[in-house]
Protein chains: 2
Amino acid sequence: MVINKSTYKDYVVAHVYERLQKGELNPGDQVLESRLATELGLSRAPIREALQQLVGDGLLTYKPQVGNFVAALSPKEIIDAYVTRGLLEGFAVAEALEGFTEEDLEDLEEYCLQMEKHARRGKQKELIEIGTEFHHLLFNKSNNIQLIEYTQRLSHKLHLLFYKHWASLYTPEEIRDRHQALVCVLRRKERPLVEQALREHYNETGQKVARFYNENEEGV
Amino acid sequence: MVINKSTYKDYVVAHVYERLQKGELNPGDQVLESRLATELGLSRAPIREALQQLVGDGLLTYKPQVGNFVAALSPKEIIDAYVTRGLLEGFAVAEALEGFTEEDLEDLEEYCLQMEKHARRGKQKELIEIGTEFHHLLFNKSNNIQLIEYTQRLSHKLHLLFYKHWASLYTPEEIRDRHQALVCVLRRKERPLVEQALREHYNETGQKVARFYNENEEGV
DNA sequence: GTCTCGGCAAATGTCGACAATCGACATCCG
DNA sequence: CGGATGTCGATTGTCGACATTTGCCGAGAC
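Please read all numbers here as calculations on a predicted model, not as lab measurements.

**Topic: the domain arrangement of chain A**
Residues and elements named next belong to chain A.
Step number 1: The assigned domain composition of chain A is domain 1 (8-70) and domain 2 (75-216).
Step number 2: Computed from C-alpha atoms alone, the centre-to-centre distance between domain 1 and domain 2 is 27 Å.
Step number 3: Counting residues at the interface gives eight residues for domain 1, matched by seven residues for domain 2.
Step number 4: Carbon and sulfur atoms supply 61% of the area that domain 1 and domain 2 bury against each other, a total of about 840 Å² over both sides.
Step number 5: There are zero salt bridges connecting domain 1 and domain 2.
Step number 6: Taken together, domain 1 and domain 2 are joined by one residue pair in polar contact (both at pLDDT 80 or more).
Step number 7: The element that contributes the greatest number of residues to the side of domain 1 that touches domain 2 is helix α1 (residues 8-21), accounting for three residues.
Step number 8: Per-class residue counts for the side of domain 1 that touches domain 2 are three nonpolar, four polar and one charged.

Structure below.
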């Protein structure tokens, strides 16, 4: 593109994101370099770079001499990923606990209500957006760069892979309550509680997503 | 090459690792693609792939249109990285707490003694090796793939960047005691204690490394 | 003396073509 | 008929050349 002064790589990455979100690329599918190249009117070089980055982010898996495939996580791997995210985000939030102002907390509570509203009306896109914003606000208070980087990566990965199912996992009330509970714990300013709460938050979701996949289709 | 059926990329990655360990590449140095290419008798394509992987692992940083540079962490970033590793490894070990047999624990204690011995005799290479083995045995008991992957990456990064200083941070007795303390805590089989112990273990080391760098040279 | 502008060298970004490898199908032999 | 083997198409791996961008350096104006 022109707007982004940087290279084609990011453009390709964005394109693949989109394909993933639209469901045009599903777990297990092979991602062909030449196909993407002709699609985007580029040579294979920038495509390969983009794909490699996606592999690094865990969205694709790479088999040498064979190709890149959309990551297909087993139920166990799904749970693992969510558990790990809970660990990272829990710690990040705990580290930044003192940094949360009353205003922040009220913003978060407002998000809870909005999430419920959007969920109730079936506005999936807005729901996702607010949800992302919610957690973003949470772990971005931390100033541990390394921690944030890993959290972002994992968050991004889970977001793209399980994007579609968010609305079918919990009822609108559950969504609201679960997130309000987090804000509640945040208010108490006790590190271990905060860590524990976020771990459980993601642990539950991981279990649900994994069960969902187990029922609907066999992963891997 | 022939012995390794996989691609040149891994070969290049290994080569850069070596250069880093030997101190031929230092933080801040630019890593030139064409230079590596002629050095290894390859074209720039596999070099670029390898460098990109190294960027993903955090060993290099990448400036678009400019090049790749050996990561130069600020003191804060050094501490952050160690803290994060403590978080990950602490959790991984805690998760696998029941999996540690008495035999494992005795092996670990044996490692402690060997580390002290090698440190005392100035055998840096062996010291590093055992140290790596020690922590490897610790977090590899976990079966959380995602967690292990991140831990490995971070471990690898810190290993390569601060490899050289290990022996100068602690006395041989301290090295032994610090690791024996970990085994001790492991024996008690109490999750929170284990997590806490590993966090502190790496926190301390991070502080030391950061201070070391602050005194000897200005990072970044 | 300092600042600005323009051009030059060097490095990265991209391209199209060729080589090596893998998977699948067809074929051959027991 | 079943399993091993050879061949073919498709895809990735690698290459060398070209395009573009960056940062430096020096000439010239103020």
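Alright, that's what it looks like, and here's the rest.
**Section: the packing of α1(A) against helix α2 (residues 33-40) of chain A**
For any two helices packed against each other, the geometry comes down to the angle between their axes and how far apart the axes lie.
Residues and elements named next belong to chain A.
Step number 1: Following both chains from N to C, one finds α1 and α2 inclined at 105 degrees, their axes separated by 12 Å at the closest point. Judged by the angle between their axes, α1 and α2 are roughly perpendicular. Along its contact with α1, which presents Tyr11, Val12, His15, Val16 and Arg19, the element α2 presents Arg35, Leu36, Glu39 and Leu40.

**Some details on the sheet that holds strand β1 (residues 30-31) of chain B**
All names here are of chain B.
Step number 1: Taking strand neighbours across the sheet as the criterion, the three strands line up as β1-β3-β2 in an open arrangement whose pairing is antiparallel. Two strands lie at the open edges of the sheet, namely β1 and β2 (60-63), each paired on one side alone.
Step number 2: Relative to strand β3 (residues 67-70), β1 is paired through two bridges, and the arrangement is antiparallel. Residue Val31 lies in a different strand from β3, and its bridge partner there is Asn68.

About the thresholds
Residues numbered from 1 in each chain as written. Chains lettered and ligands numbered in written order. Predicted model: local features only at pLDDT ≥ 70, side-chain atom pairs only at ≥ 80, totals over all residues. Heavy atoms only, no water. Domains from an automatic or database assignment. Contact = heavy atoms within 4.5 Å. Buried area = accessible area lost by both parts, 1.4 Å probe. Salt bridge = Lys/Arg side-chain N within 4 Å of Asp/Glu carboxyl O. Polar contact = N/O pair within 3.5 Å; in protein donor to acceptor, adjacent residues only side chain to side chain. Helix = DSSP H or I, 4+ residues; strand = E, 2+ residues; numbered from the N terminus. Nonpolar A, V, L, I, M, F, W, Y, C, P; charged D, E, K, R; others polar. Axes fitted to C-alpha atoms, helices over the stretch in contact; angles between N-to-C directions. Parallel < 35°, antiparallel > 145°, perpendicular 65-115°, else oblique. Pairing = 2+ DSSP bridges.

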